[in-house]
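Chains, contacts and geometry: an overview
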Amino acid sequence: MANGLVGVVLAAGAGSRFGAPKALARDDAGAWLPRACGLLADAGCEPVLAILGAEAEEARHLLPRAAHALVAHRWNEGIGESLHVALTAAQSVHAQAVLVTLVDLPALAPEAVARVAARWTGDTGVLARAVDGDTPGHPVLIGATHLRGLLATVGGTRGAAHYLEAHHAEPVDCAGLGVAADVDTR
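Criteria and cut-off values
Within each chain, residues carry numbers counting from 1 in the order of the written sequence. Residue-level local features of this predicted model are given only where pLDDT is at least 70; pairs of side-chain atoms are given and counted only at 80 or more, and the full residue set underlies all totals for whole chains, interfaces and linings. Side-chain metrics rest on all non-hydrogen atoms present in the structure, leaving aside hydrogens and water. For two strands to count as paired, DSSP must find a minimum of two bridges between them. Secondary structure follows DSSP: runs of H or I at least 4 residues long count as helices, runs of E at least 2 residues long count as strands, and numbering of each begins at the N terminus. Here an angle of 0 to 180 degrees is reported between the N-to-C directions of two axes, which are lines fitted to C-alpha atoms, with helices fitted over the stretch in contact. Note on contacts: a residue pair qualifies if any of its non-hydrogen atoms lie within 4.5 Å across the two residues. Criterion for a salt bridge: a side-chain nitrogen of Lys or Arg within 4 Å of a carboxyl oxygen of Asp or Glu. Burial classes follow relative accessibility: with a 1.4 Å probe on protein chains only, a residue under 20% of its type's maximum area counts as buried, one over 50% as exposed, and anything between as partly exposed. As used here, the arc belongs to the directions running from the helix axis to the C-beta atoms.

So, the sheet that holds strand β6 (residues 97-102)
Strand order in the open sheet formed by 7 strands is β5-β4-β1-β6-β8-β7-β9, with mixed pairing between adjacent strands. Where the open sheet ends on each side, the last strands, each with one partner, are β5 (67-71) and β9 (170-173). Each adjacent strand pair in this sheet contributes to an overall mean axis angle of 25 degrees, direction not counted. Two strands pair when backbone bridges link them, and strand β7 (residues 127-132) and β9 are joined in this way by 4 bridges, in the parallel orientation. Note that in β9 the partner of A130 across the bridge is V172. Packing of helix α3 (residues 79-92) onto the sheet brings it into contact with β1 (5-11), β4 (48-52), β5, β6 and β8 (135-143), and relative to β1 it is tilted by some 160 degrees. Relative to the sheet, helix α4 (residues 110-117) contacts β1, β6, β7, β8 and β9, its axis offset from that of β8 by approximately 45 degrees.

A word on the pattern of salt bridges
Summed over all chains, the structure comprises 9 salt bridges. Here D184 makes a salt bridge to R17, at a shortest N to O gap of 3.8 Å. Highlighted residues: D184 in the segment after β9 and R17 in the loop between β1 and β2 (26-27), separated in sequence by 167 residues. For D184, a relative accessible area of 23% corresponds to the partly exposed category. On the basis of relative accessible area, R17 is assigned to the exposed category, the value being 62%. Ionic pairing is found between R35 and D27, a salt bridge with its closest N-O pair at 2.7 Å. Exposure remark for R35: the relative accessible area of 21% places this residue in the partly exposed category. On the basis of relative accessibility, which here comes to 32%, the residue D27 falls in the partly exposed class.

With respect to α4
Those residues of α4 that fall on the buried side of the exposure criterion are A112, V113, V116 and A117. Projection of α4 onto a plane perpendicular to its axis shows the buried side chains occupying an angular sector of 130 degrees, all on one side. In this structure, the buried side of α4 is in contact with β1, α1 (32-42), β6, β7, β8 and β9.

Regarding the environment of L10
With respect to the secondary-structure elements, L10 resides in strand β1. By relative accessible area, L10 is classed as buried at 9%. Each C-alpha atom of the pair L10 and T101 lies 6.4 Å from the other, and the pair is 91 residues apart in sequence.

So this is what it looks like as structure tokens:
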């Protein structure tokens, strides 16, 4: 953990509306899971953690060498469970900050990830998120100071949105860079 920034790709869901787990999804540009992991690694995250659930063993084979798989055993309860696993793991490796993205953002531009990652300057109180106009998106940057409080509130279908709003996460302008273009259907 060279700079204290841990990357997290949330990729545990079954993709019921999509028709298959999004961790296994691919398009003309390739598989989504390794792409998301690569974006975080290229932005300076070390390690990169992929939170898997549905079809975890098959998805594990798609991970690039530098990424580490963690399984959210209660993934079917909602994104909050996957986020809880991710943040707990980040605490256990003494992350100074966590950069979180979703596997189902295949249009996420490297520039957007770099813009949010650039907010990491060593301040463990940092809290920032990509936005496209008024629409919040990913990645989200969470300083270590916020991990305990956020962990106390996430779970089931409840993710981090409420916490980010209540704690006035800094909006990072990423208009047109795919930060809110999550794919729910094929």
